[in-house]
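Summary of structural features
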Amino acid sequence: MTVSLPPNVEEIAQKSSQLLASISPNYPTCELKINEEQTITIPSNILPQLTEILHQIAQGNKIKIVPIKQELTTTEAASILNVSRPYLVDLLESGKIPFRKVGVRRRILYQDVMAYQENVDAQRRETLAELTAQAQELKMGY
C-alpha cells in the first residue's frame, strides 16, 4: 500500500509528536479526532510508541514496524544485523542466537535478533571505553 504524504510531513510529525508527548497517560484510552465526523479511540499506553514513530518521521527517517514475536528468515535477520547470511547461519549454529527449524528452514525470533544486537553493541561500547582509557593513560591526545 502506498500512502501519499503531504510535502511538510516532517513539520507536521514534529508538532504531533510534541503534542502526544505532552499527553498524560493517566487515562486508559485517548481519543484522536480524524476529521469533523471521525474520532478514533486508542489505548493510552501506546502513546510513547506513537510519539517515537512521529519523532522519527520528523527527523526524515523511514520506519518499519515489526511485531516482537515475528519470526524472521535467515535473510531477513542477516539484513537487520547488517551481516551476510552465511555469517548469520554460523551465529545460529554456534548457539549465539536461538532459532528453530521448520523443515530444513531456520526461523529466528525478531526479539532474539535484537537481543543479540544489543549485546554486541554493549560489548563494542565497553571495548571503546577501555581503548579510550588506555589512550588517555598513554597521553595520546584523546
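Cut-offs applied
- Residues numbered from 1 in each chain as written.
- Predicted model: local features only at pLDDT ≥ 70, side-chain atom pairs only at ≥ 80, totals over all residues.
- Heavy atoms only, no water.
- Helix = DSSP H or I, 4+ residues; strand = E, 2+ residues; numbered from the N terminus.
- Buried < 20%, exposed > 50% of the residue type's maximum accessible area, 1.4 Å probe, protein only.
- Contact = heavy atoms within 4.5 Å.
- Lys, Arg positive; Asp, Glu negative; His and termini not counted.
- Charge placed at Lys NZ, Arg CZ, Asp CG, Glu CD.
- Core = buried A, V, L, I, M, F, W, Y, C linked by side-chain atoms within 4.5 Å.
- Pairing = 2+ DSSP bridges.
- 1 Å grid on protein atoms, 1.4 Å probe; cavity = no way out; pocket = protein on both sides within 12 Å on 5 of 7 lines; lining within 4 Å.
- Points joined across faces, edges and corners; volume = space filled by probe spheres on them.
- Nonpolar A, V, L, I, M, F, W, Y, C, P; charged D, E, K, R; others polar.

**Remarks on the overall build of the chain**
Counting its secondary structure elements, the chain contains five helices and five strands. For the C-alpha atoms alone, the extent of the chain along its principal axes is close to 60 × 55 × 35 Å. Counting every position in the chain, which comprises 142 residues, the buried fraction comes to 21%. Restricting the contact set of the chain to residue pairs at least 6 apart, pairs at least 24 apart contribute 43%. On the chain, the mean spot of the 15 positive side-chain charges and the mean spot of the 16 negative ones are 8 Å from each other.

**Structural notes on the nonpolar core**
Counting residues in each nonpolar core, the largest one holds 14 residues, and the members touching the most others are Ala77, Leu81, Leu88, Ile97, Ile108, Val113 and Tyr116. The set of elements that each furnish at least two residues to this core consists of α3 (74–81), α4 (85–93) and α5 (110–137). The dominant element in this core, judged by the number of residues it contributes, is α5, at four residues. Ignoring anything within four residues of it in the chain, the contact list for tyrosine 116 reads Leu81, Tyr87, Leu91, Lys96 and Ile97.

**Observations regarding the pairing of strand β1 (residues 29–33)**
Here β1 runs beside strand β2 (residues 39–43); their pairing, made up of five bridges, is antiparallel. Following the sheet pairing, glutamate 31 is matched in β2 by threonine 41. Linking β1 back to β2 in an antiparallel pair, the connection comprises five residues.

**Focus on the layout of surface pockets**
The calculated volume of the second largest pocket comes to roughly 220 Å³. Around the second largest pocket, the lining residues are Ser16, Leu19, Leu20, Leu32, Leu50, Ile53, Leu54 and Ile57. Going through the elements one at a time, α1 (9–21) and α2 (47–58) are the ones with two or more residues in the lining of the second largest pocket. Ranked by residues supplied to the lining of the second largest pocket, first place goes to α2 with four residues. Of the residues in the lining of the second largest pocket, the class split is seven nonpolar, one polar and no charged.

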